[in-house]
Amino acid sequence: MSFRLTTRPGHPTFVDLPWEMPLASWDIPRLVAPVRGISRHVVRFVAYGGAMYALKELPDPIALREHSLLRALGDDGAPVVEVIGTVTGRRDEADDELEGVLITRHLEFSLPYRALFARQATEQVWEPMLDGLVELLVRLHLGGFFWGDCSLSNALFRRDAGELSAWLVDAETAELHAQLSDGQRAWDLEIAMGNVGGELLDLQAAGEVSDDLDPGEVADELMGRYQNLWSELTSDLVFPSWDDHALHQRVRRLNELGFDVRELELESVGHGELRLHLTTRVVEPGHHHRRLLALIGIDAQENQARRMLNDIRRFRAHLERRDGMVLSEQVAALRWMVDSFEPTITRVPESLRAKLQPAEVFHQVLEHRWFLSEQAGADVGTEAAVDDYVASILAGLPDERAVLGSPPTGSIPRISSSR
C-alpha cells in the first residue's frame, strides 16, 4: 500500500481513509450520501464533524491538473467549489496501481439540477437556472477560463433571494488563458448549448420535465442571454466629453450586476466625444476594503471602499484626459484624496461632523450626486451635491459619533497616506 496525499491546512488530513481500496468498494462509517448529480467518475462523500467532502476518482495527471485549475479560479474569487487536495500514487495491497483522487469541500445548501426540477415546477426552475449558468460562464470567460464542458451536470446551484446562483464543480476539460478569443468563447458557448439541450431532453424522456418545455428553445435562450450579458459587461460606450454622468451610469450598472471595474480606458474619438472601454472582473469578499486601505490608508467598509475606488478611477481618467499624461494609481489616489475626498468632507459644516464617519459621508454624497444628476439629466457636480445633501439629509440624522461614545473634536479627520 502506498499513496501521496496533499491537502490544504485547516482541513482533515484524511489519513484514516482506506486509500488502498478503489472508492467504489469503500464501506466505512464516514461515508454519507447527499443529493448528488451524475458523474462520469466514481464520487464518494465523507463527513468530518459538520463538514462534508467530495472525493472524485480519476487518473493522477487529470486530478493534479483539475486541482491546479480549481485552485487558480478559487484564488481569483470565481464561483467554484473549494479544492482541498489530491491523493496520487495509490496502490492496493497487491501493489496494483489505483487511480488518483481529487478532494473538494462540498458546497453547502447546493443542489444538482435534477434535484431542483424534482422539487419545483418546470416553469419555476428553468429560467433562474439558465440565468445562473449564463452568469457563471460569463464570469469564467472574463477570467480567461475555457470550460470545455459547460453543462447543468457540471455545476451546482444555490438558492439566492429567489434566484439561483451556479458554481462550477468539474474542470477536467478546462483551460486557463490570460484572455479568451472570441472564437474560444463561441466554441465554449456552442458546447454549453448542446449539453443543456441534451440534458433537458433526457429529463423529458424520464418524465421529470414538462413536455411544454422545448430544449432547443432553451439552448437558443442560453446563447441570447449570454450575448446580452457579455455585451453589457464589455461593450464600449461613446459619450460627450463633458458628461461624466454617463460614465457613472455605466460603472454603477456593472456594480449592480455584481461585477467590478478592473481598468478604465478613455479615448478621444473626435467631435467632443470619448469612447469608454472597461475591463471587468469578479472580486473576492473584502477585496475593495483591503485595496483602499493599502492604497491610501482609508479604512472603509466594503461597499464604501468599492464606491471610492470607482471614484478614484473616474478621477484618474479625468486627470489623464485633461493633462495629457499617464498617472500611476498611487499618485492618482493621493490627488483624489486632496482634491476630492477632503474638500467634500471639509464642505460639511463643523456642527454636523459627528453625524457619520467621513467615508460614509463621502459615499452618501456620491449617492446623492447620482440622484440629483438623474433628476437633472446631467452631472450637477460635487459642491452642489454636498450642499443639498447636508441640508436635506445629513442635518436630520442623529450623531453616530456620540452614540459610539467618542465626542466630536470639531476637527476634520485627516487620512494618512502612509501604509
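Residues numbered from 1 in each chain as written. Predicted model: local features only at pLDDT ≥ 70, side-chain atom pairs only at ≥ 80, totals over all residues. Heavy atoms only, no water.

### Observations regarding the sheet that holds strand E5 (residues 83-91)
Taking strand neighbours across the sheet as the criterion, the 6 strands line up as E1-E5-E6-E4-E3-E2 in an open arrangement whose pairing is antiparallel. Single-partner strands in this sheet number two, and they are strand E1 (2-7) and strand E2 (31-32). Strands in contact with helix H1 (residues 60-75) are strand E4 (51-58), E5 and strand E6 (100-105); relative to E5, the strand with the most contacts, it is inclined by about 170°. (Pairing = 2+ DSSP bridges. Helix = DSSP H or I, 4+ residues; strand = E, 2+ residues; numbered from the N terminus. Contact = heavy atoms within 4.5 Å. Axes fitted to C-alpha atoms, helices over the stretch in contact; angles between N-to-C directions.)

### Topic: the packing of aromatic side chains
In total, this model carries 8 aromatic pairs according to the counting rule given. Plain terms: the ring middles of Phe14 and Tyr53 are 5.1 Å apart, the flat faces sit at 85° to each other, and that makes the pair edge-to-face. Pair noted here: Phe14 is in the loop between E1 and E2 and Tyr53 is in strand E4, with a separation of 39 residues, a long-range link. In terms of burial, Phe14 and Tyr53 fall into one category: buried. Put simply, the rings of Phe14, Tyr48 and Tyr53 pair up and form one aromatic cluster. The ring of Trp167 carries the charged tip of Arg158 above its face, separated from the ring centre by 5.1 Å. (Phe/Tyr/Trp six-rings, centres within 6.5 Å; stacked < 30°, edge-to-face > 60°. Buried < 20%, exposed > 50% of the residue type's maximum accessible area, 1.4 Å probe, protein only. Lys NZ or Arg CZ within 6 Å of the ring centre and 35° of its normal.)

### Regarding the environment of Leu295
Among the structural elements, Leu295 can be located in helix H7 (residues 287-296). Sequence-wise, Leu295 and Ala333 are 38 residues apart; in three dimensions their C-alpha atoms are separated by 7.3 Å.

Honestly, that's just the spatial picture; any functional story needs more than this.
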